Amino acid sequence: MPDTDAAGRSQTKDQDDAVESGPPAPRLYSVTTRYTDQFLGGQDGPDLLCDDAVAALHFALTNSSSSPLAVTCTTSTDGRTWRDLPLRLLHADALSALRRHVKPAMYPAPVDNSRPDRRRPRVALRGLIELAQVKWLDTALHVDDEATWLPDEPTSADWVRAGRLWAAVWGDIPSESVLKRLPGSAPTTALKEGLLRAEAAAVLDATALAHTPAPAADGDGDGSLPELHSAWALLHDVAERTLGAEFGPGTDVRTAEHRLLERIGALHPDTAGLLAATGDHPAAAGIRAAAHAYLRRVLVLWPKTAAWTEKARTAFLEDVHALRTTVDGPPSGPPETRAQAVLREVLEGLDLPAVLSRHEAAALWRSHSGRGAEQAGWDAMVDLNRTDDLALAHMTEGTPQGTEEAVAEARRALYAVSGFHDEHVTTHAARGHLHTLAASLVTLDQALRTLQHGIWDIHAERRAQHDPAKGPWNGYDEQRATADLTPVLDEGEARIAHLRQRCLDAANQTLTHLIPQLTDTPRDDYRHHRMRNYLAPLDQLRKDLDTLGLQTDEQHRTCRELRTRLNTGPRFGEMHTTAQDLAAAEKRLEVLERRYTDTQAEFALSVTLGRLFDRVRTPVPSPSEAAATSRSSRRTAYAPPNGHDQATATALPGSAAHGRKAGA
């Protein structure tokens, strides 16, 4: 779909739970995978950013050998708040979506949706998810990073590892339907399937024990120490050997392991007394960290002992003693001047902006750009339809050969759509990073003006305190009054300029990572201008504004004619007009006016993006050139700044004043 029209964005509320009572709030799902081929290990794989939990779950299960690298979801409409989402919660979201006839969408569906009223094939989609789970489990049975050779038939150790992995990732026990559809399933593997279920149940019991409240202080706490140790050892083995980093930070095994370690520390004879006596000590956090590090080392063999156990205990006690006796002394140095206080307050909140991921930057741009939101809605609609086609292809009646051909064709169509979707996410992410850079530069400019205003106020007060009886204010008095202000101002300007350059360098590095072609693209090359026109298509936006303006004027005339016909009746030869015709025309007019407003805002944003893209791609000047430019462009140090507040308001991307100025 050409990036021409814009759709409005629906407002949503925060949603932290996977399954809610009542209609859920729409949210985005970000799935990032990695290639698992031996020649492509560690490289980024295909990504997906969509608002459909079913499509996100299917993509996560089919585009990685065993699991996704990371799955996150938004809890706000602007794309700024994200949280980790384990597969079990994504699976719960998908099942919750299938239980409803209408799926809440983050982006409204385009007006030209070819299948707007067709309900989703819930049974087919459930079968598609189950089939993906079967392939996921089969891969987990045949993949072992520590083994150099794998037999054709999974061994007992493989079934144990797969059972623990299933419980850690999915949070339940594999169902009978999933186990029956495993390739090579036969009665001889019934015992191994029972082993898989037993190991999964053991991991679930250990996780449940970790979330069970600790017994009271007067209870039989010592009797539970072996049980806690056994559960911790199991989860520790899962986290260290089975559950790799590719499963993402959303799994709960590490959290449960840490909770068990805290309960063991309160009962273990080597740490219980020290932790109980710590109380509200200032170094309590460090003491607990040292105790946990000690327990992780000795619990592997405990209750057995080894030669290094005593050395480890001695080192642990020495660390605790050092933490308890360390006292921070009062800060040394001369007292802070008023100018230094102004500088500290200005620089206190300044720092490099948080590094946004590809999906966070894309979602942030779509929250500001109506055209980007409509393009995302179009991608989501097409991806949803292709996912439904794939689910129906698996349930097509007929010969097995015909079913395989239909499935292969549906899979090719889905992957083709995912490719276009990936390109759009990359483009939106690049624009989102530039938009973030613009906001950071505006913040730095405001900080510089605040610093200059603060120094000017101090200087003005000193001049007002001058005694006229001692003579008029002259250059000598000026030099004495500004002796301690000039170094502070120079230091603040230098640090703000350094932060500004770091922001530009970080943006350049991020854009180069997103668009590798920029690595060998010179600043004055035609490819640079083509990329600039692609990220900030001002010519296309001007044409769209002219076209939408003409269409809006024509639709206004149509609405006036329909109102006249409806009030006075049709003339000879004119079609009869109804209230429904007028309502449809007014709705069309509303859509055109919204698209015109969104295009105006897009034009204003694109002007800023184009200038920033050129600035990011400009080579860094040498120190001598930068100093000369700073001296030539710097105004009098203590002249009161003026005319900057309004300029800042109009230069801020996304502001109403900026949109009116650029769209005029």
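Our structure is the block above this text.
Description of the structure in this document. Remember, predicted model here, so these are calculated numbers, not experimental data.

Comments concerning helix α6 (residues 190-210)
Then, number 1: The terminal C-alpha atoms of α6 lie 30 Å apart, and with 21 residues this matches the ideal 30 Å at 1.5 Å per residue to within 8%.
Then, number 2: Burial in α6 covers these residues: Glu-193, Leu-196, Glu-199, Ala-200, Val-203, Ala-206, Thr-207, Leu-209 and Ala-210.

Quick word on the packing of helix α19 (residues 538-568) against helix α20 (residues 579-617)
Then, number 1: Two elements in contact, α19 and α20, have axes whose closest approach is 9 Å; the angle formed by their N-to-C orientations is 160°. Comparing their axes, α20 and α19 come out roughly antiparallel. Classified by chirality, the crossing of α20 by α19 is left-handed.
Then, number 2: Per-class residue counts for the contact of α19 with α20 are 15 nonpolar, 8 polar and 9 charged.

A short note on the pattern of salt bridges
Then, number 1: Taken as a whole, this structure holds 20 salt bridges when the rule is applied.
Then, number 2: Glu-130 is the partner of Arg-181 in a salt bridge, and the nearest nitrogen-oxygen pair spans 3.1 Å. Of this pair, Arg-181 sits in the loop between α5 (176-180) and α6 while Glu-130 sits in helix α3 (residues 122-142), placing them 51 residues apart in sequence.
Then, number 3: One salt bridge connects Arg-386 with Asp-389, and the closest N-O pair in it is separated by 3.9 Å. Pair noted here: Arg-386 and Asp-389 are both in helix α14 (residues 370-394), with a separation of 3 residues, about one helical turn.
Then, number 4: In this structure Arg-386 comes out as partly exposed when scored by relative accessible area, which is 28%.
Then, number 5: Through salt bridges with shared partners, a single network forms among Asp-52, Arg-120 and Asp-388.

What to know about the packing of aromatic side chains
Then, number 1: One pass over the structure, following the stated rule, counts 3 aromatic pairs.
Then, number 2: Counting every residue linked through ring pairs, the aromatic cluster contains Trp-136, Trp-166 and Trp-170.

Some thoughts on the side chain of Glu-199
Then, number 1: Relative to the elements of secondary structure, Glu-199 occurs in helix α6.
Then, number 2: Exposure remark for Glu-199: the relative accessible area of 16% places this residue in the buried category.
Then, number 3: In contact with Glu-199, other than residues within four places in its own chain, are Val-160, Gly-163 and Arg-164.

Some thoughts on helix α2 (residues 87-98)
Then, number 1: End to end, α2 covers 16 Å across 12 residues, agreeing with the expected 16 Å (1.5 Å per residue, within 8%).
Then, number 2: Here α2 lies mainly inside the structure; 9 of its 12 residues are buried.
Then, number 3: Every buried residue of α2 is accounted for by Leu-87, Leu-89, Leu-90, His-91, Asp-93, Ala-94, Ser-96, Ala-97 and Leu-98.

Definitions and limits used
Within any chain, residue numbers begin from 1 and follow the written order of that chain's sequence. Confidence filtering applies because this is a predicted model: local features only for residues at pLDDT of at least 70, side-chain atom pairs given and counted only at 80 or more, and all residues used for totals across whole chains, interfaces and linings. Hydrogens and waters are ignored; side-chain quantities use all the structure's heavy atoms. Helix numbers and strand numbers start at the N terminus; a helix is a DSSP run of H or I with at least 4 residues, a strand a run of E with at least 2. One less than the number of residues in a helix, times 1.5 Å, gives the span that helix is expected to have. Only protein chains enter the accessibility calculation, which uses a 1.4 Å probe. A residue is then buried if its area is under 20% of the maximum for its type, exposed if over 50%, and partly exposed in between. Throughout, an axis means a line fitted to C-alpha atoms (over the contacting stretch in the case of helices), and angles, computed between N-to-C directions, take values from 0 to 180 degrees. Every angle not falling under 35 degrees, over 145, or within 65 to 115 is termed oblique; those three ranges are roughly parallel, roughly antiparallel and roughly perpendicular. Note on convention: near helix rotated counterclockwise from far helix by under a right angle means a left-handed crossing. Clockwise means right-handed. Any residue outside Ala, Val, Leu, Ile, Met, Phe, Trp, Tyr, Cys, Pro, Asp, Glu, Lys and Arg is labelled polar, Gly included; the first ten of those are nonpolar and the last four are charged. Salt bridges, as used here, are contacts in which a Lys or Arg side-chain nitrogen is within 4 Å of a carboxyl oxygen on Asp or Glu. Each aromatic pair joins two rings of Phe, Tyr and Trp (for Trp, the six-membered one) with centres within 6.5 Å, and gets the label stacked for planes under 30 degrees apart, edge-to-face for over 60, and tilted for any other angle. In what follows, a contact means two residues having at least one pair of non-hydrogen atoms within 4.5 Å.

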